[in-house]
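# Summary of structural features
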Amino acid sequence: MKLVIPVALPEHSYDIAIAQHLPDGKMTTGGLDDIGVWMSRLQLGKKVLVVSNPAIFRRYGKRAIAALELVGYQVSSLTLPAGERYKTVKSIQKIYDVALENRLERSSTLVALGGGVIGDMTGFAAATWLRGINFVQVPTSLLAMVDASVGGKTGVNHPKGKNLIGAFHQPQFVLIDPSVLKTLPARELRAGMAEVIKYGIIWDEELFVKLEESKRLDQLRYLKKDLLETILSRSCQAKADVVSQDEKEAGIRAILNYGHTIGHAVESLTGYKLVNHGEAVAIGMVAAGQIAVGLQMWQPEEAERQDALIAKAGLPTKLPSGLDIDAIIDTLQTDKKVKDGKVRFVLPTKIGEVTLTDQVPTDLIREVLRQMQL
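Residues numbered from 1 in each chain as written. Predicted model: local features only at pLDDT ≥ 70, side-chain atom pairs only at ≥ 80, totals over all residues. Heavy atoms only, no water.

## Section: the pairing of strand S2 (residues 14-18)
Two faces, one strand: in a regular strand the side chains alternate between the faces of the sheet. For S2, the buried fraction is high: four of the five residues fall into the buried class. Pairing analysis gives four bridges linking strand S1 (residues 4-7) to S2, with the strands arranged antiparallel. When the bridges of S2 are listed, Pro6 appears paired with Asp15. Connecting S1 to the antiparallel partner S2 that follows it, the hairpin turn spans six residues. (Buried < 20%, exposed > 50% of the residue type's maximum accessible area, 1.4 Å probe, protein only. Helix = DSSP H or I, 4+ residues; strand = E, 2+ residues; numbered from the N terminus. Pairing = 2+ DSSP bridges.)

## Things to note about helix H9 (residues 260-269)
Among the ten residues of H9, nine are classified as buried, and the element is accordingly described as predominantly covered. Among all positions in H9, only His260, Thr261, Ile262, Gly263, His264, Ala265, Val266, Glu267 and Ser268 are buried. Tucked into the core, H9 has its buried residues touching strand S10 (161-168), helix H6 (186-202), helix H10 (277-294), helix H12 (325-332), strand S12 (345-350) and helix H13 (362-371). Of the residues flanking the end of H9, it is Gly271, one or two places downstream, whose phi is positive at about 70 degrees. (Contact = heavy atoms within 4.5 Å.)

## Concerning the sheet that holds strand S5 (residues 47-52)
With respect to topology, seven strands assemble into an open sheet ordered S1-S2-S11-S8-S7-S5-S6, the strand pairing being mixed. The two strands at the open ends of the sheet, each matched to only one other strand, are S1 and strand S6 (74-79). Strand-to-strand twist of the sheet, defined as the mean angle between neighbouring strand axes without regard to direction, takes the value 20 degrees. Pairing between S5 and S6: six bridges, direction parallel. Bridging from a neighbouring strand, Val50 pairs with Ser77 of S6. Helix-sheet contacts for helix H2 (residues 54-70) involve S5, S6 and strand S7 (109-114), and the interaxial angle to S6 is about 175 degrees. On top of the sheet, helix H4 (residues 116-128) reaches S5, S7 and strand S8 (134-139); it is set at about 170 degrees to S7, its chief contact. (Axes fitted to C-alpha atoms, helices over the stretch in contact; angles between N-to-C directions.)

## Description of the packing of H12 against H13
Closest axis-to-axis distance for the H12/H13 pair is 10 Å, and the angle between their directions is 135 degrees. Relative to H13, the element H12 lies oblique. Relative to H13, the crossing made by H12 is right-handed. Residues Ile325, Asp326, Ile328, Ile329 and Leu332 of H12 pack against Thr362, Ile365, Arg366, Leu369 and Arg370 of H13. When grouped by side-chain class, the residues that make up the contact of H12 with H13 number six nonpolar, one polar and three charged. (Parallel < 35°, antiparallel > 145°, perpendicular 65-115°, else oblique. Left-handed = near helix turned anticlockwise from the far one by under 90°. Nonpolar A, V, L, I, M, F, W, Y, C, P; charged D, E, K, R; others polar.)

## Quick look at the pattern of salt bridges
Tallied over the full model, the rule gives 18 salt bridges. Across the pair Glu206 and Arg234 runs a salt bridge, and its minimum N-O distance is 3.5 Å. Of the two residues, Glu206 is situated in helix H7 (residues 205-213) and Arg234 in helix H8 (residues 225-245); the sequence distance between them amounts to 28 residues. Here Arg234 falls in the partly exposed class, since its relative accessible area comes to 26%. Salt bridges linked by common partners bring Glu84, Lys87, Asp120, Lys162 and Glu267 together as one network. (Salt bridge = Lys/Arg side-chain N within 4 Å of Asp/Glu carboxyl O.)

## Concerning the pairing of S5
With five of six residues buried, S5 lies mostly within the body of the structure. Each parallel crossover has a hand, and for S5 linked through H2 to S6 it is right-handed. (Right-handed = clockwise from strand over helix to strand, strands pointing away.)

## Comments concerning empty space enclosed by the protein
Taken as a whole, this structure holds three cavities of 30 Å³ or more when the rule is applied. As for the largest cavity, its lining consists of twelve residues, and the residues nearest its centre are Lys162, His264, Ala265, Thr334 and Asp335. Of all the elements in the fold, those that place two or more residues in the lining of the largest cavity are S10, H9 and H12. Top element by residues in the lining of the largest cavity is H9. It accounts for four residues. Along the lines of polarity and charge, the residues of the lining of the largest cavity split into three nonpolar, six polar and three charged. Considered as a void within the structure, the second largest cavity measures approximately 50 Å³ in volume. Lining the second largest cavity, in full, are Asn257, Gly259, His260, Thr261, Ile262, Gly284, Ala287, Ala288, Phe345 and Val346. (1 Å grid on protein atoms, 1.4 Å probe; cavity = no way out; pocket = protein on both sides within 12 Å on 5 of 7 lines; lining within 4 Å. Points joined across faces, edges and corners; volume = space filled by probe spheres on them.)

So, to be careful, I would describe these as geometric facts and stop short of saying anything about function.
Spelled out as structure tokens, the structure:
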């Protein structure tokens, strides 16, 4: 497994470090307890604000703070409620308040200790406080490890749509400690697996095949050590490869939104309560696959392989009950990827390759969604 993956960018390159398991399987080197050592190499200012959610902070907050204080950082902390529905401007205001209270400076650092929601909010606060300060990602969910923590997309939700308020702001560093996944709820692990499957479809056929070879993907205990390491390293490498080519989504980076167009609409329309992000992406990938088949861009057998893998990961392949198809189609018009009034879809052409198109008839979208109704 590649332990340090560089994200090479013109103005702000940084590393993703994946902690290495020791033979006893209980400890890691370079993990959460070494966050202070990792950060001290970056020569950042001494003031640090750790932002987390209550459950994660109870488990890992003291360890992270102790590791930072050990090398001389002055650490304050803030916990925000868990959940997509709390990813709001109101939560960002709380981060600003604590930053002001603790006199954070432009050389100071926000540390995101948590899943994708915490990472998105912390990054956005860092992007906008004092016109931009440092931040470090310490993801604690599989979804955040393989996707949300890398690439510099930060932001919050607007009541009418997901991630409509945001900024690109790259972290100084990303530290992934796989040992924290042992306390991750199974549903959250499955949510992360949706993004892993996404990388297999859009970029890495070999990763897709390795996932197919595993008997089960729905719980951590069924993931062999070498498979978990492969999932983390290859997913992060795929994201780094894409982001390095297109930091601010002017071109190829848009392929990372595979499954997200309809997925975001499903999340928004269900109030971010009924389905989580990974479940929505899974639904969106099934829909995108069927749209590609309907346009004769993708072979039905490959769509079946994708859907079988999604099901094996314990993820939904049907729309939530009662969701209105016309409402989904209307919501697509608020998607960030709309250009000149046309919805752009990421659609697969073979496993490992996708393309972007805005030539998707509304009637086809409606028919695919109708077939996905329970």
